[in-house]
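Below, each chain spelled out in residue letters.
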Amino acid sequence: MRKERVTQNRVIQLFVEQLGYAYLGDLEDQDNTNIREEDLRSWLVSQNKYSDSSISRAIFDFTKAANINPSDDLYPINKEVYSKLRYGIKVKDDSTDLVQTVWFIDWGNPLNNSFTVAEEVTVLGANTKRPDIVLYINGIALGVLELKRASVVVNEGIRQNLDNQQHRFIKPFFTTIQLVLAGNDSQGLYYGTTKTPEKYFLKWKEDKHNYDLNQHILDQHLLQFCEKSRLLEFVHDFVVFDAGVKKLCRPNQ
């Protein structure tokens, strides 16, 4: 078994058993998108807040916003999608004629959301690619993680993520993505967002945390960064769109 596969198996187990994400499976044999509409609809129905017509309109609006043409820049599309995630979508309820806001993420109650993880997520494009791990919240892909074996520098995973955002690969998948991650067992976890240049990816760290030398540094970083409340706080509070550049905070900023 290749070394990356050993690491990936361990990381998937960490997400499921320690972080409490549900496992969507190995999706290599599927044509995957960044919005799993059935999962999103199911979560919205479970909130008991919205009519079927409101849910359908909100999902239509959201998927339309996430659509991208080959010549489109990823930045404005990603910005519009983020706005709808953060502030919800206003729709008119057919039964009451009242306008209400449909929220795709319950920001105030992190554990009320559906956190899922999938691996080998095949995405068809100009050239088909397969991100190692994708993190979904309520059926919406918010994070991608590329893993490398300890002897391969984490920059290889960062470059892979950057390539995937190009039109010649799977740019449409990244319209909903907020966190672009890469890691290995020797260097730990590095993070950026869509279109972050390689040199601006940041290594995760907790200043007041004593890292266990007997545990993989990557695992310790993932347990911190991808903890459900921390992940949602990061996306909600520390993503900035600034004059054509999308930015994230530094560790403990």
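Look above for the structure.
Residues numbered from 1 in each chain as written. Predicted model: local features only at pLDDT ≥ 70, side-chain atom pairs only at ≥ 80, totals over all residues. Heavy atoms only, no water.

A closer look at the packing of aromatic side chains
The final tally for this structure, using the stated rule, is 13 aromatic pairs. Ring geometry for tyrosine 191 and phenylalanine 225: centres 5.2 Å apart, planes at 40°, overall tilted. Here tyrosine 191, found in strand S8 (residues 188–192), pairs with phenylalanine 225, found in helix H6 (residues 217–225); they are 34 residues apart in sequence, far enough to count as distant. Like tyrosine 191, the residue phenylalanine 225 is buried in the burial classification. A ring pair is formed by tryptophan 204 and phenylalanine 225, whose centres lie 5.2 Å apart and whose planes are at 80°; its orientation type is edge-to-face. One end of the pair, tryptophan 204, is in the loop between strand S9 (202–203) and H6; the other, phenylalanine 225, is in helix H6, with 21 residues separating them in the sequence. Classification of tryptophan 204 by relative accessible area gives buried; the value is 4%. (Phe/Tyr/Trp six-rings, centres within 6.5 Å; stacked < 30°, edge-to-face > 60°. Helix = DSSP H or I, 4+ residues; strand = E, 2+ residues; numbered from the N terminus. Buried < 20%, exposed > 50% of the residue type's maximum accessible area, 1.4 Å probe, protein only.)

A closer look at the nonpolar core
In terms of nonpolar packing, the biggest core is built from 54 residues, with Phe15, Phe104 and Phe225 touching the most fellow members. The contacts of phenylalanine 15, once residues within four sequence positions are left out, are Gly20, Tyr21, Val117, Leu135, Leu145, Leu222 and Cys226. The next biggest cluster of nonpolar side chains, apart from the first, holds 22 residues, and it includes Val121, Ile170, Phe174 and Ala182. (Core = buried A, V, L, I, M, F, W, Y, C linked by side-chain atoms within 4.5 Å. Contact = heavy atoms within 4.5 Å.)

Section: the pattern of salt bridges
Throughout the structure, instances matching the rule amount to twelve salt bridges. Of the charged contacts, one joins arginine 36 and aspartate 39 as a salt bridge, the two residues approaching to 2.6 Å between their closest N and O atoms. By relative accessible area, aspartate 39 is classed as partly exposed at 29%. Within the structure, one salt-bridge network assembled from shared partners comprises Arg10, Asp185 and Asp219. (Salt bridge = Lys/Arg side-chain N within 4 Å of Asp/Glu carboxyl O.)

Some details on the environment of glutamine 13
Positionally, glutamine 13 belongs in helix H1 (residues 3–17). Taking relative accessible area as the criterion, glutamine 13 reaches 41% and is therefore assigned partly exposed. Linking glutamine 13 and tyrosine 23, residues ten residues apart in sequence, is a C-alpha distance of 9.1 Å.

Details of the side chain of asparagine 32
Relative to the helices and strands, asparagine 32 is located in the loop between strand S1 (22–26) and helix H2 (37–46). By relative accessible area, asparagine 32 is classed as buried at 5%. A distance of 3.1 Å separates the side chain of asparagine 32 from the backbone oxygen of leucine 27, its partner in a polar contact. Within the local environment of asparagine 32, its side chain forms a polar contact with the backbone oxygen of threonine 122, the two atoms lying 2.9 Å apart. In this view, asparagine 32 contacts Leu27, Val121, Thr122 and Val123; residues no more than four positions away in its chain are not counted. (Polar contact = N/O pair within 3.5 Å; in protein donor to acceptor, adjacent residues only side chain to side chain.)

Here we look at the sheet that holds strand S7 (residues 179–184)
Spatial ordering of the open sheet is given by S1-S4-S5-S6-S7-S8-S9, a layout of seven strands whose pairing is mixed. Here the strands that pair on one side only, and so sit at the sheet edges, are S1 and S9. As paired elements, S1 and strand S4 (residues 115–119) share four bridges and run parallel to each other. Across the sheet, the residue bridging to aspartate 26 is glutamate 119, located in S4. (Pairing = 2+ DSSP bridges.)

So, the pairing of strand S11 (residues 245–248)
Residues Lys246 and Leu248 of S11 are buried on one face, while the alternating residues Val245 and Lys247, pointing to the opposite face, are not. As paired elements, strand S10 (residues 239–242) and S11 share four bridges and run antiparallel to each other. Directly across from valine 239, in S11, lies its bridge partner leucine 248. In this structure, the hairpin formed by S10 and S11 is closed by a connection of two residues, where alanine 243 is found at a positive phi of approximately 50°.

A short note on the layout of surface pockets
Roughly 400 Å³ of internal volume is contained in the largest pocket. Lining of the largest pocket is provided by 20 residues; of these, Thr196, Tyr200, Lys246, Lys247 and Leu248 occupy positions nearest its centre. Put simply, the parts of the chain that give the lining of the largest pocket at least two residues each are helix H4 (74–87), S8 and S11. Residue contributions to the lining of the largest pocket peak at four residues, all from S11. When its residues are assigned to classes, the lining of the largest pocket shows eight nonpolar, seven polar and five charged. Computed from the structure, the second largest pocket encloses a volume of approximately 210 Å³. If you go around the second largest pocket, you meet 14 residues; those closest to its centre are Thr33, Asn34, Ala66, Asn67 and Pro172. Its residues assigned to classes, the lining of the second largest pocket comprises seven nonpolar, five polar and two charged. (1 Å grid on protein atoms, 1.4 Å probe; cavity = no way out; pocket = protein on both sides within 12 Å on 5 of 7 lines; lining within 4 Å. Points joined across faces, edges and corners; volume = space filled by probe spheres on them. Nonpolar A, V, L, I, M, F, W, Y, C, P; charged D, E, K, R; others polar.)

Treat this as a map of the structure, not an account of what it does.
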